[in-house]
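# Tertiary structure, described
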Amino acid sequence: QTERVLANLDAILKAAGSSLGRVVRSTVYMVDLGAFDEMNAAYARAFGDHRPARSTVQVPALPRGAAVEIDVIARQGT
């Protein structure tokens with residue numbers, strides 16, 4: 001699910017004139033922090049050498065039964 005969420009974010013950012021490389025802050029919401037290593041690996045692949053500030057929190061539930069949700073703040077531009 002993390003890969004799908006990040007692909008969706010990438011598309012949204014590109015449509016808004018930005019990119020994952022312009023993200024300055026992200027918050028990752030997870031239903032199960034036991035899956036942190038798997039999420040972290042997918043996150044690292046998506047962001048590469050770019051390391052925006054990040055918080056990760058466990059939540060009791062997410063909309064539509066999702067296991068992970070990510071919100072970001074990004075600068076405009078590519």
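Check the entry above for the structure.
Keep in mind that this is a model prediction, so the values were computed, not measured. (Residues numbered from 1 in each chain as written. Predicted model: local features only at pLDDT ≥ 70, side-chain atom pairs only at ≥ 80, totals over all residues. Heavy atoms only, no water.)

### Topic: helix α1 (residues 2–15)
- With 14 residues, α1 should cover 20 Å at 1.5 Å per step; its first-to-last C-alpha distance of 20 Å lies within 8% of that length.
- Among all positions in α1, only T2, V5, L6, L9 and L13 are buried. An end-on view of α1 places all buried positions within 95 degrees of arc, on one side of the element. Looking at α1, the residues exposed on the side facing more than 90 degrees away from the buried face are E3, R4, K14 and A15.
- Packing partners of the buried residues in α1 comprise β1 (23–30), α2 (36–47) and β3 (68–74).
- Just past α1, the residue G17 takes up positive phi, approximately 85 degrees. (Helix = DSSP H or I, 4+ residues; strand = E, 2+ residues; numbered from the N terminus. Expected span 1.5 Å × (residues − 1). Buried < 20%, exposed > 50% of the residue type's maximum accessible area, 1.4 Å probe, protein only. Arc of directions from axis to C-beta. Contact = heavy atoms within 4.5 Å.)

### Here's the deal with the sheet that holds β1
- The strand order β2-β1-β3 describes an open sheet built from three strands, whose pairing is mixed. Every interior strand has two partners, whereas the edge strands, β2 (53–58) and β3, have only one. Across the sheet, the mean angle separating the axes of adjacent strands is 15 degrees when strand polarity is ignored.
- One ladder, built from six bridges, connects β1 with β2; its direction is parallel. Across the sheet, residue T27 finds its bridge partner in β2, namely S55.
- Those strands touched by α1 are β1 and β3, and its axis lies near 30 degrees from that of β3. (Pairing = 2+ DSSP bridges. Axes fitted to C-alpha atoms, helices over the stretch in contact; angles between N-to-C directions.)

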